[in-house]
Amino acid sequence: MNSRAEDAVGVRLRTVPVRVGVAGLWTCGVLVLAASVAVAVTIGPSDLTASDVGAVLWSKLTGADSGLTRIQDGIVWNLRMPRTLLAALCGAGLAVCGVILQSLLRNPLADPFVLGISSGASTGAVSIVVLGVGAGSIGLATGAFIGALCAFALVLVLAFAAGGTTDRVLLAGVAATQLFAALTSFIVYMAADAEQTRGVLFWLLGSLASASWTDVMVCALLVLVGLGVCLANASTLDAFTFGQDAAASLGVNVARARIVLLVVTALITAIIVSTSGAIGFVGLVLPHAARALVGVKHRLLLPTAALAGAIFLVWVDTAARTVLDPQELPVGVATAIIGVPAFIAILLRRERRA
């Protein structure tokens, strides 16, 4: 995007009220996230405190004795810490994806789950798991990425054939979601045994129970790189706020921007689905909460949404694994319980404005 376009977008977006003290808000958000992770790791049947968590982290960094039993050390380092960090990364990634899709499509109801990207990624990942194509986390992530791209390509083709409006894109997403959900069920029904079926179905509902440090590192790399790419295109996303034609008139290469940002969205969604299953409504609700805090400028909106999504999913996952103890509620079910009322509220508010 050229400097003239950036200046024009900046002038127009300055008319949108943006809350002051964004740096303070981000600092507070980082502190809340760090405290949330530390406290969430202590919650569970094992008697642990925040100081115990700190002792384990210090021992891993310095090699000193944590003073805890081997079981307690394992619970913190091998079970709860990677799970909590993965929840934060998944929440951040999904919120960023929601911001991108809502901006590109100019539709407040767009997110990876509603537009079928999550369902497509689930089909690709389940094909790897059940049919045995590929191996390990790399094969799973690759399958999820291919499935996500196929699903979104189908959405774009259907939407273009139906007229290309944003509402048509949303309807095409609903159709793609149902199609790929049916394909996933068909694969599981035809190829999986009973034990494998139970595991796959629980994972499809969204579960962070199998989180590992490898998952955390891979997810962190892709989410942070994706966030960096999106921030580098923040002025381009600002231009899309005024529509595709307006963005083109401001010097934006619309086709290139759409391809880059949609591929980034599909990649982030794919890695999240491959590690945690399909978690819906995070990408729908949290971008709206972030806009209420900092306005619509994407340079501010993207980091705010990422922090909000991370904090949100850390606590939702903590509640999901403890509220029905000793059973565990799939985190995708918990986010849907919270997200559906929010979805209805957004839909009704949009209808009143129409």
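Residues numbered from 1 in each chain as written. Predicted model: local features only at pLDDT ≥ 70, side-chain atom pairs only at ≥ 80, totals over all residues. Heavy atoms only, no water.

Engineer: Looking at this model, I keep getting lost on the packing of helix α4 (residues 70-105) against helix α9 (residues 213-232). Mind explaining?
Structural biologist: To characterise two packed helices, one gives the angle between the axes of the helices and the distance between these axes. Interhelical geometry of α4 versus α9 gives an angle of 25 degrees and a closest axis separation of 9 Å. Put simply, α4 runs roughly parallel to α9. Where α4 crosses over α9, the two elements pack in a sense that is left-handed. Across from Trp-77, Met-81, Pro-82, Leu-85, Leu-86, Leu-89, Cys-90, Gly-93, Val-96 and Ile-100 in α4, the residues of α9 making contact are Trp-213, Asp-215, Val-216, Cys-219, Ala-220, Val-223, Leu-227 and Cys-230. Taken together, the residues that form the contact of α4 with α9 break down as 16 nonpolar, one polar and one charged. (Axes fitted to C-alpha atoms, helices over the stretch in contact; angles between N-to-C directions. Helix = DSSP H or I, 4+ residues; strand = E, 2+ residues; numbered from the N terminus. Parallel < 35°, antiparallel > 145°, perpendicular 65-115°, else oblique. Left-handed = near helix turned anticlockwise from the far one by under 90°. Contact = heavy atoms within 4.5 Å. Nonpolar A, V, L, I, M, F, W, Y, C, P; charged D, E, K, R; others polar.)

Engineer: Quick question: what am I supposed to make of the side chain of Gln-102 here?
Structural biologist: Looking at the secondary structure, you find Gln-102 in helix α4. In this structure the side chain of Gln-102 is engaged in a polar contact, spanning 3.4 Å, whose partner is the backbone oxygen of Gly-283. At 3.5 Å, the side chain of Gln-102 and the backbone oxygen of Leu-284 are in polar contact. Non-local contacts of Gln-102, meaning those with residues more than four positions away in its chain, are made with Asn-107, Pro-108, Ala-110, Gly-283, Leu-284, Pro-287, His-288 and Arg-291. (Polar contact = N/O pair within 3.5 Å; in protein donor to acceptor, adjacent residues only side chain to side chain.)

Engineer: I tried to follow the nonpolar core on my own but got confused; where do I start?
Structural biologist: General note: in soluble globular proteins, nonpolar side chains tend to be found buried as a group. Counting 100 residues, the largest nonpolar core has Leu-33, Ile-100, Leu-115, Val-126, Leu-302 and Leu-313 as its most contacted members. Ranked by the residues each element gives to this core, the list is headed by α4, at 18 residues. Residues within four places of Leu-302 in sequence aside, it is in contact with Val-96, Val-99, Ile-100, Leu-227, Cys-230, Leu-231 and Leu-237. (Core = buried A, V, L, I, M, F, W, Y, C linked by side-chain atoms within 4.5 Å. Buried < 20%, exposed > 50% of the residue type's maximum accessible area, 1.4 Å probe, protein only.)

Engineer: Which parts of the structure should I look at to understand the side chain of Ser-207?
Structural biologist: Structurally, Ser-207 is set in the loop between α8 (194-204) and α9. According to the relative accessible area criterion, Ser-207 is buried, its value standing at 6%. At 3.3 Å, the side chain of Ser-207 forms a polar contact with the backbone nitrogen of Ala-209. The residues contacting Ser-207, other than those within four sequence positions of it, are Phe-202, Thr-275, Ser-276, Glu-328 and Val-331.

Engineer: Honestly, the pattern of salt bridges in this entry has me stumped. Any pointers?
Structural biologist: Between side chains of opposite charge, pairing is possible as soon as their charged atoms come close. One pass over the full model with this rule turns up three salt bridges. Taking the shortest distance from any N to any O, the salt bridge between Lys-60 and Asp-73 comes out at 3.3 Å. Of this pair, Lys-60 sits in helix α3 (residues 50-62) while Asp-73 sits in helix α4, and the two are 13 residues apart along the sequence. By relative accessible area, which is 39% here, Lys-60 ends up partly exposed. By relative accessible area, which is 15% here, Asp-73 ends up buried. Linking Arg-83 and Glu-328 is a salt bridge whose minimum nitrogen-to-oxygen distance equals 2.8 Å. In this pair, Arg-83 sits in helix α4 while Glu-328 sits in the loop between α14 (298-322) and α15 (331-353), placing the two residues 245 residues apart along the sequence. A network of salt bridges, in which partner residues are shared, links Arg-83, Asp-317 and Glu-328. (Salt bridge = Lys/Arg side-chain N within 4 Å of Asp/Glu carboxyl O.)

Engineer: It is not clear to me how the packing of α4 against α14 should be interpreted in this structure. Could you clarify?
Structural biologist: Across the interface, α4 lies against α14 with an axial gap of 7 Å and an inter-helix angle of 135 degrees. Judged by the inter-axis angle, α4 sits oblique to α14. Crossing of α4 against α14: the hand is right-handed. Among the residues making up the contact of α4 with α14, the classes are represented as 15 nonpolar, five polar and four charged.

Engineer: Help me understand the environment of Ser-122, please; the structure alone is not making it clear to me.
Structural biologist: Structurally, Ser-122 is set in helix α5 (residues 117-131). Ser-122 sits 81 residues away from Trp-203 along the chain, and the two C-alpha atoms are 9.5 Å apart. Ignoring anything within four residues of it in the chain, the contact list for Ser-122 reads Thr-184, Leu-204, Val-273 and Ala-278.

Engineer: Help me out: how do you make sense of α9 in this one?
Structural biologist: Turn by turn, an α-helix covers 3.6 residues, leaving residues three or four places apart pointing in a common direction. Along its 20 residues, α9 runs 28 Å from first to last C-alpha, staying within 8% of the 28 Å computed at 1.5 Å per residue. Turning to α9, its buried residues number three or more, namely Asp-215, Val-216, Cys-219, Ala-220, Val-223, Gly-226, Leu-227 and Cys-230. One side of α9 holds all its buried residues, which, seen down the axis, span an arc of 150 degrees. Exposed residues on α9 whose side chains face more than 90 degrees from its buried face are Met-217, Leu-221, Leu-224 and Ala-232. The secondary structure elements touched by the buried residues of α9 are α4, α10 (234-240), α12 (254-276) and α14. (Expected span 1.5 Å × (residues − 1). Arc of directions from axis to C-beta.)

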